[in-house]
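Structural overview for review
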Amino acid sequence: MDTASHLPGLRHSYEGEPLLESGLSDDPVAQFAVWFGDAVEAGLPEPNAMIVATSSAGGRPSARTVLLKGFDERGFVFFTNYESRKGRDLGENPRACLLFPWHPIRRQVRIEGRVVRVSRDDSDSYFRSRPYGSRVAAWASRQSAVVRSREELDERYAALAERWPEDPPTPDFWGGFRVIPEEMEFWQGQTDRMHDRLRYRRAGAGWVLERLAP
């Protein structure tokens, strides 16, 4: 079957209530909390899964799916190996874009901003909350590095589990990043591709709300 020939016809018609400026919060993080709650209530699998896009100092882009682990007025937090590709990118170019693709409820949220590391205390606190196996894996996997085989990974994991049978410490190369939003766009699918796109843009101490053409 030539699946590529079917691509032009693969489309869905979006229908829903219009997204109006009058229905949004003045604070984009508060609005995100409302939509995140809707995604959870709708039963979406892993509603905190987000695409994190980064770029190296030379402009080479990269994207991957990561889990959001916290958000508040300070920004949006995820954890990773600082020596991974995204960690290296953010060390060279501390800016990122996050995308929450909540397709079943015909919504997306896009967030752009600068990135800082969270405190070591916050990273330690979250690391201790992780399942034991995930903590061992953080040591075993030098994320994004080339490995010879699956067996090499398994052997490294087993050796580290033997070294720390109960309470692995936080690796010094592992921790959290916080994306401090400068723009947040809320997208609601509509019929005939006339989608609603409302963007908050930081202006001084506040936010400007703008409608974008779909």
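Just above sits the structure.
Now for a quick tour of the structure. Since the structure is predicted, the reported quantities are computational estimates derived from the model, not experimental observations. (Residues numbered from 1 in each chain as written. Predicted model: local features only at pLDDT ≥ 70, side-chain atom pairs only at ≥ 80, totals over all residues. Heavy atoms only, no water.)

A closer look at unusual backbone geometry
Formally: Strands here mean DSSP runs of E at least two residues long; helices mean DSSP runs of H or I at least four residues long; both are numbered from the N terminus. Whether a residue is buried, partly exposed or exposed follows from its accessible area with a 1.4 Å probe, protein chains only, as a fraction of its type maximum: under 20%, in between, or over 50%, in that order.
Residues other than glycine seldom take positive phi values, yet Glu-46 does so here, at roughly 45 degrees. Tracing the chain through its elements places Glu-46 in the loop between helix H1 (28–41) and strand S1 (49–55). One non-glycine residue, Asp-192, adopts positive backbone phi at about 55 degrees. Inspection of the secondary structure assignment puts Asp-192 in the loop between strand S7 (174–188) and strand S8 (196–203). Among the residues examined, Asp-192 registers a relative accessible area of 69% and is labelled exposed.

Some words on helix H5 (residues 150–163)
Counted only if it meets this: Multiply 1.5 Å by the residue count of a helix minus one, and that product is the helix's expected span. The contact criterion used is simple: two residues touch if any of their non-hydrogen atoms lie within 4.5 Å. Between N or O atoms, a polar contact is any pair within 3.5 Å; within protein, one atom must be a potential hydrogen donor and the other a potential acceptor, and residues adjacent in sequence are included only when both atoms are from side chains.
With 14 residues, H5 extends 20 Å from end C-alpha to end C-alpha; this agrees with the ideal 20 Å at 1.5 Å per step. Turning to H5, the residues buried within the fold contact helix H4 (132–140). Capping of H5 at its N-terminal end is provided by Ser-149; its side-chain oxygen lies 3.4 Å from the backbone amide nitrogen of Glu-151.

Focus: the pairing of strand S5 (residues 95–102)
Under the convention used in this document: We treat two strands as partners when DSSP finds at least two bridges between them.
What you see with S5 is a clean split: Ala-96, Leu-98, Phe-100 and Trp-102 sit on the buried side and Arg-95, Cys-97, Leu-99 and Pro-101 on the side with no burial. Pairing of S1 with S5, which is carried by three bridges, proceeds in the antiparallel orientation. Bridged to Ile-51 within S5 is Leu-99. The sheet contact formed by S5 and strand S6 (residues 107–117) spans eight bridges and is antiparallel.

With respect to the layout of surface pockets
Condition: We place a 1 Å grid over just the protein atoms. Points where a 1.4 Å probe fits but has no way out form a cavity, open points with protein on both sides within 12 Å along at least 5 of 7 lines form a pocket, and any residue with an atom within 4 Å of a point lines it. Grid points are joined across faces, edges and corners, and a volume is the space filled by probe spheres set on the points. Polar here means any residue outside two lists: the nonpolar Ala, Val, Leu, Ile, Met, Phe, Trp, Tyr, Cys and Pro, and the charged Asp, Glu, Lys and Arg; Gly therefore counts as polar.
In this structure, the largest pocket occupies an estimated 310 Å³ of space. Around the largest pocket, the lining is made up of 15 residues, and of these Phe-79, Thr-80, Arg-130, Gln-143 and Trp-174 lie nearest the centre. When the residues that make up the lining of the largest pocket are grouped by side-chain class, the tally is seven nonpolar, five polar and three charged. The volume enclosed by the second largest pocket comes to roughly 150 Å³. As for the second largest pocket, its lining consists of Gly-16, Glu-17, Pro-18, Leu-19, Leu-20, Gly-23, Leu-24, Gln-31, Trp-35, Arg-106, Arg-107 and Gln-188. Its residues placed into classes, the lining of the second largest pocket shows five nonpolar, four polar and three charged.

Structural notes on H1
With 14 residues, H1 should reach 20 Å at 1.5 Å per residue; the first-to-last C-alpha distance of 20 Å fits that figure. Once H1 finishes, Gly-43 follows within two positions and takes phi at roughly 80 degrees, a positive value.

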